[in-house]
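Here is how the chains run, residue by residue.
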Amino acid sequence: MLYARLPQDRLGVLIGPEGGTKKRLERQTGTRLEVDSETGDVTIDESGAQDPVLALKARDVVQAIGRGFSEVRAFRLLEDDVYLEILDIKDFARSKARVEQIRARVIGTRGKTRRLIEELTGVDVSVLGHTVGLVGPTFEMAIAREAVIMLLRGSEHATVYRFLERKRADIKAWQMGF
């Protein structure tokens, strides 16, 4: 059995219209999900999964949905070499007010910074509460993670944008197999 806890307002996304999202996840991973709508606890029964990795991926999908990702973005985790990483803003802030400031830095004006990280790396970014979630392939994930950590540590946006521009060539070379 695997377990996850979701915020109450994200349970509907996990279940989906008429239970469709939950059923699709169960079908694609061979797992069975039990959702406690009172507590937000999700139990993942992996006994029906042919591949134990699929059960872990099912848990990652559940956690991604809980961290604010849409169903489509969360289901990317079922692909090979796509992973979830969650960074806690509290690890970089000394006060609650500072958490809000840092959170705003990662999002950027009208979402510009978050959008640029996504466009230049191909990694999906979700900022919810005091966490930053990343969903993407290993190589690209390392670059997106570094960009987010730079922001969390207080680097100027221009510095982070230059870093991402420089790394874009590396990503293209990686994707072409060089």
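Up top is the structure.
These numbers come from a predicted model, not from an experiment.

What follows deals with the overall build of the chain. Across its full length, the chain holds eight helices and six strands. Listing every helix and strand of the chain by position from the N terminus yields β-α-α-β-β-α-α-β-α-α-β-β-α-α. Computed over its C-alpha atoms, the radius of gyration of the chain comes to 17 Å, within 12% of the 16 Å expected for a compact globule of 178 residues. Taken along the three principal axes of its C-alpha coordinates, the chain extends 50 × 45 × 25 Å. Within the chain, the proportion of its 178 residues that are buried is 44%. Counted over contacts in the chain with a minimum sequence separation of 6, partners at least 24 positions apart contribute 60%. Surface accessibility of the chain: about 9700 Å² in total, with carbon and sulfur atoms responsible for 50%. A distance of 7 Å separates the average location of the 29 positive side-chain charges in the chain from that of its 27 negative side-chain charges.

What follows concerns the sheet that holds strand E5 (residues 124-128). Taken together, the three strands give an open sheet; going across it, the order is E4-E6-E5, and neighbouring strands pair in antiparallel fashion. In the strand order of this sheet, the two ends are held by strand E4 (82-88) and E5, each with one partner. The average undirected angle you get between the axes of adjacent strands in this sheet is 15°. Judged from the seven bridges that link them, E4 and strand E6 (residues 131-137) form a sheet pairing that is antiparallel. Following the sheet pairing, aspartate 88 is matched in E6 by threonine 131. Across the face of the sheet, helix H7 (residues 138-152) comes into contact with E4 and E6 while running at roughly 155° to E6.

Conventions and cut-offs
Residues numbered from 1 in each chain as written. Predicted model: local features only at pLDDT ≥ 70, side-chain atom pairs only at ≥ 80, totals over all residues. Heavy atoms only, no water. Helix = DSSP H or I, 4+ residues; strand = E, 2+ residues; numbered from the N terminus. Rg over C-alpha atoms; globule rule 2.2 N^0.38 Å. Buried < 20%, exposed > 50% of the residue type's maximum accessible area, 1.4 Å probe, protein only. Contact = heavy atoms within 4.5 Å. Areas by Shrake-Rupley, 256 points an atom, 1.4 Å probe, with all protein chains shown as cover. Lys, Arg positive; Asp, Glu negative; His and termini not counted. Charge placed at Lys NZ, Arg CZ, Asp CG, Glu CD. Pairing = 2+ DSSP bridges. Axes fitted to C-alpha atoms, helices over the stretch in contact; angles between N-to-C directions.

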